[in-house]
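Structural description and commentary
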Amino acid sequence: MWLKPEEILLKNALKLWVTEKDNEYFILQRRRGYGEGGGGLTGLLVGTLDTVLDSTSRVAPYRILHHTPDSQVYWSIACGVTKEEIFQHWDWLQQNIMRTLSVFDSSEDITSFVQGKIRGLIAEEGKTSLVLEDDPEKFREALLRFEKWFELPPEEKLVTYYSCSYWKGKVPCQGWLYLSTNFLCFYSYLLGAEVKLIISWDEIWRLEKTSNVILTESIHVLAHGEDHYFSMLLHLNETFVIMEQLADYSVKRLFDKESFQREPALSDPLQITKRGLEAHAKSEQFRMYFRLPKEENLLEVHESFLWVPFSHFNTLGKICLSENYLCFASQDGSQCHVIIPMREVVSVEKPSASSRALTVCVRGKRALRFSEVRDYQRLANTIRSRCGISASPQHSASSEAIRGQCQSLINHFEDNPEDVTLMVGQKDSSKAVSTEALMTVFHPQDVENLDPKMLKEKMKEQSWNIHFSEYGRGTSMFFTRKTQDLIVRGVPESLRGELWMLFSGAVNDMATHPGYYTELVEQSLGTSTLATDEIERDLHRSLPEHPAFQSDTGISALRRVLTAYAYRNPKIGYCQAMNILTSVLLLYAKEEEAFWLLVAVCERMLPDYFNRRIIGALVDQAVFEDLIRENLPQLVEHMTDLSFFSSVSLSWFLTLFISVLPIESAVNVVDCFFYDGIKAILQLGLAVLDYNMEALISCHDDAEAVTILNRFFDSVTNKDSPLPPTVQQASAGNNDKASHISVDISELIREAYEKYGNIRSEEVESLRRRNKLYVIQTLEDTTKQNVIRVVSQEVRFSASHLDELYDLFKRQHFLSCYWMMKSPALLHHDPSLAYLEQYQLGFQQFSMLFFLLEPWSFCTIKSTLSLWVFRLIDENQDGLVNFKEFCCSLDTLYSGSFTNKLKFLFKLHLPPVSMF
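Thresholds applied
- Residues numbered from 1 in each chain as written.
- Predicted model: local features only at pLDDT ≥ 70, side-chain atom pairs only at ≥ 80, totals over all residues.
- Heavy atoms only, no water.
- Helix = DSSP H or I, 4+ residues; strand = E, 2+ residues; numbered from the N terminus.
- Salt bridge = Lys/Arg side-chain N within 4 Å of Asp/Glu carboxyl O.
- Axes fitted to C-alpha atoms, helices over the stretch in contact; angles between N-to-C directions.
- Parallel < 35°, antiparallel > 145°, perpendicular 65-115°, else oblique.
- Left-handed = near helix turned anticlockwise from the far one by under 90°.
- Contact = heavy atoms within 4.5 Å.
- Nonpolar A, V, L, I, M, F, W, Y, C, P; charged D, E, K, R; others polar.
- Polar contact = N/O pair within 3.5 Å; in protein donor to acceptor, adjacent residues only side chain to side chain.
- Expected span 1.5 Å × (residues − 1).
- Buried < 20%, exposed > 50% of the residue type's maximum accessible area, 1.4 Å probe, protein only.
- Arc of directions from axis to C-beta.
- Pairing = 2+ DSSP bridges.
- pLDDT = per-residue confidence, 0-100.

1. A short note on the environment of arginine 386
Looking at where arginine 386 falls in the secondary structure, it is placed in helix α9 (residues 376-387). Through-space distance from the C-alpha of arginine 386 to that of arginine 343 is 9.0 Å; in sequence the pair is 43 residues apart.

Spelled out as structure tokens, the structure:
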């Protein structure tokens, strides 16, 4: 354990201690009588003395001392009962402290820094234990220091705090890092030097974990063009996760209201807590992994074994329980997981009173057995209550019957896994406008056709049927490595719609919302909006070569799905690329299914893709650039500016390669996307660049590179596709294609998984969070430049003055949003509006800023004047002024002619049209 630094003398101490390790600044010692050798008579006496002393006087057998080369004073900083414990402290000092000490010029500074760091570690450990015990006293003390040092408004909510070092130049300052709802703060006071730092989360461009020669591990924050480094954190990963969550929370609340409004759990900034953020992050990860609706929250987690009948063994994993789902994910590398909707559960029983096991029976005569569940009784009661299953005594007879039935099922599955009964997901019986997939109507399969392609298609179907017989079918199917292998090989045409629904989670959305789509179609019928106008314009541009969209049947279905979604989600409405994606969905899924697949893609699998600023797509392009740097260094050496790949790959991400590949090949990509998410698109993008590496390296400009990629996509074929030429895309007739070697899509996808399948979904999500801040700040900077360019034509301020005024105006806007959920400025902020209208101020915020800038700052009636000015420049009388209106008023006061100033003052005294 770490000790409060105390001065000791080593005179005669060597008789009691043996030095095990030492360096220029630290010594690790073992007390004689412990460990190897025993230390002879002296060691025996020391060991005896330590043994007879009581626990309060006993000396730990290992310790670490700090000293400097030119000092005779030693400081005890750590002790340990075991060799492993003390060596952990020693290794931490070597990795985190030793490299840092070289930057100090004097021994006093080194000792002061080490002592401050050790005290911070002790406080950090104490704070952790207090948090676990829910003792608020320590947090209350930290809150008082936070309020005293930073003088923020009392409404500012402190979330947590950590001991750390902040690097000011090349010298670290030991102090405290405070994380609040709106600010990152640091305070240090050592040897009379005070360091104070306040950064608002909305100003951060980069937030990442880094390491270099001096800093083994640190957190890097980029704000206002300045780099800030925080290191020597006892719980660095925990600190970084909380910082990431607070930064993301701020971005959603202040910049990206669309996604923020979808998260009611974080709606009030005054109620944000560390536990709340952690719970929200876990629920988000849980929903993403199992593709569950956004309403689901992770409630309980239980470690257990699940009996896997097709493999005849128990797999270790975790049971994750939400409001409406029971999920299991393995932890032994088998990549096995299963999702059980509560609506499918028939009963929950214990096989025997002595075992810690549960048997969950679901519809379709299937049962799953969980064993070694620590709190199995509480879990069983929770599942029963959520499923509405009674376990009361009056139902004991029926319960015994069900228990016997479930046990017989389990025994049968164990002995005959090949006889597991198929369980088909419950289909919604609500009325849909079109009940058949368009491919079924325009390309019905000929069962008597025995050509090689159709035979291979039948073989694929047989492989999937065998898979279903072993792993189940429908909502409770086991997902395993074999499932992914079959996806990579290609999904048969007849099963594509069913599997898309299952893998995306859309099957659950549709089952829990019977009749919802039909109601939307009826409500949206005949509506006329900007979205419906755009939909009508793009209807005939959606797969125009396909016969299904050359007829009224396909066009009408496409119109209904897109219009219904725009009606459901007016924040997104309709965006280009949605028509192309929906066209493909309608080919293989029924109309209502296509609608729910579109919901899953837009709201869950590709978040923030389909809005005015396509933030999600831009973020994933930045992720793609990071993966190119990591996996294709040869290409990076030749093309240092990777922004080219961002521009050329935008359509890949927005349309899932549908817009660049022939339709018969693109659907294989969509198969992988619904199973693996955006990871599949990133992998394929890397494989495409890798395949064309030599050609891209030898090209001379961007235009040549675009031509190379376009020719490559035209050469991609699907040799196994059973579709006739009338259905396949027209690119197959390209005259240049004969001069290029064709590439089979299945081989390309297989190569993508073999080379880049080690990219984990968790890694992709981490890269998304890291790049999101930079992407949004870049968009904000672009908005700023556009606003300044427009306003500069109306005023006489210089560009630099307008830049400063914009920053002040925007800062005042945010200050009005930090502590007020009902702020007029926040309620009216809409990133999809014109640049000038995105940031506006109400009267109170305008007055505070006007007092700082107006020429009459010492005037006794300045409050009245500010009201009159606000009333005058608020041309549309909505109680808000934008940046242009604000600058024009200041320009008149500072740079206007004498006549214009008189006119301005005269207008101020006109009677108000309305009161504010």
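2. A word on unusual backbone geometry
Not every positive phi belongs to a glycine, and histidine 224 is a case in point at roughly 55°. Following the sequence through the fold, histidine 224 ends up in the loop between β11 (218-223) and β12 (226-231).

3. A look at the pattern of salt bridges
Tallied over the full model, the rule gives 39 salt bridges. The salt bridge involving glutamate 238 is made with lysine 274; its shortest N-O contact spans 2.7 Å. Of this pair, glutamate 238 sits in helix α6 (residues 236-254) while lysine 274 is found in helix α8 (residues 274-290), placing the two residues 36 residues apart along the sequence. Close ionic contact of aspartate 248 with lysine 252 constitutes a salt bridge, the shortest N to O distance being 3.2 Å. Remark: lysine 252 and aspartate 248 occur in helix α6; sequence separation between them is 4 residues, near one turn of the helix. Taken together, the salt bridges that share partners define one network made up of Asp248, Lys252, Glu284 and Lys772.

4. Digging into the packing of helix α34 (residues 883-895) against helix α35 (residues 898-908)
Put simply, α34 and α35 touch, their axes get as near as 8 Å, and they point 125° apart. Classified by the interaxial angle, the pair formed by α34 and α35 is oblique. Both α34 and α35 take part in a crossing whose hand is left-handed. The residues of α35 that touch α34, namely those facing Ser889, Thr892, Leu893 and Tyr894, are Asn900, Lys901 and Phe904. Grouping the constituent residues of the contact of α34 with α35 by class yields 3 nonpolar, 3 polar and 1 charged.

5. Concerning the side chain of serine 180
You can see serine 180 is positioned in strand β7 (residues 171-180). Among the polar contacts listed, one links the side chain of serine 180 to the side chain of glutamate 156, at a separation of 2.7 Å. Discounting chain neighbours no more than four positions away, the residues touching serine 180 are Phe146, Glu156, Lys157, Leu158, Val159, Trp201 and Leu246.

6. Some words on helix α2 (residues 83-96)
Relative to the 20 Å expected for 14 residues at 1.5 Å per residue, α2 spans 20 Å between its end C-alpha atoms, a close match to the ideal helical length. The complete set of buried residues in α2 reads Ile86, His89, Trp90, Trp92, Leu93 and Asn96. Buried residues of α2, seen end-on, are gathered within an arc of 155° and therefore sit on one face of the element. Turned more than 90 degrees away from the buried face of α2 sit Glu84 and Gln88, all of them exposed.

7. Some points on the pairing of strand β13 (residues 300-308)
In the sheet, β13 pairs with strand β14 (residues 313-321) via 9 bridges, with the strands oriented antiparallel. Looking across to β14, one finds that leucine 306 is bridged to threonine 315. With 2 bridges joining them, β13 and strand β19 (residues 366-371) adopt antiparallel strand pairing. Pairing of leucine 306 across the sheet is with phenylalanine 370, part of β19.

8. Quick word on the packing of helix α16 (residues 516-524) against helix α18 (residues 552-568)
Axis separation between α16 and α18 bottoms out at 9 Å; the angle between their running directions is 90°. Between α16 and α18, the interaxial angle falls into the category roughly perpendicular. Residues Tyr516, Tyr517, Leu520, Val521, Gln523 and Ser524 of α16 touch α18, and the partners they reach there are Arg560, Val561, Thr563, Ala564, Tyr567 and Arg568. Among the residues forming the contact of α16 with α18, the class breakdown is 7 nonpolar, 3 polar and 2 charged.

9. Side note on the sheet that holds strand β9 (residues 193-200)
Strand order across the open sheet formed by 7 strands is β9-β8-β7-β6-β12-β11-β10, with antiparallel pairing between neighbours. Of all the strands in the sheet, just β9 and β10 (204-210) have a single pairing partner and so form its edges. Strand-to-strand twist of the sheet, defined as the mean angle between neighbouring strand axes without regard to direction, takes the value 30°. Note that strand β6 (residues 158-168) and β12 share 2 bridges and pair antiparallel.

10. Details of the sheet that holds strand β4 (residues 62-66)
The strand order across the open sheet formed by 5 strands is β1-β5-β4-β3-β2, and the pairing between neighbours is antiparallel. Of all strands in the sheet, those with a lone pairing partner are β1 (2-8) and β2 (17-22), marking the two edges. Going across the sheet, the axis of each strand differs from the next one's by a mean of 30°, ignoring polarity. As judged from the 5 bridges shared by β4 and strand β5 (residues 74-80), these two strands associate in the antiparallel manner. The partner of leucine 65 across the bridge, within β5, is serine 76.

11. Quick look at the confidence of the model for the protein
Any segment with low pLDDT has predicted coordinates that should not be analysed in fine detail. Residues at a pLDDT of 70 or more form 82% of the protein, whose mean pLDDT is 81. Mean pLDDT per element in the protein: helix α1 (residues 40-52) is the minimum at 45, and helix α25 (residues 678-691) is the maximum at 95. This model gives residues 46-58 a pLDDT under 50, and the stretch forms 10 contacts once residues within four places in sequence are excluded. Contacts of residues 392-399 to residues separated by more than four positions or lying in other chains number 3 contacts, the stretch itself having pLDDT below 50.

12. Describing the side chain of glutamate 780
Mapped onto the elements of the fold, glutamate 780 is located in helix α29 (residues 761-791). Taking relative accessible area as the criterion, glutamate 780 reaches 3% and is therefore assigned buried. A distance of 3.1 Å separates a polar atom in the side chain of glutamate 780 from a polar atom in the side chain of lysine 810. Beyond its immediate stretch of four places on either side in the chain, glutamate 780 contacts Phe255, Arg613, Lys810 and Tyr839.

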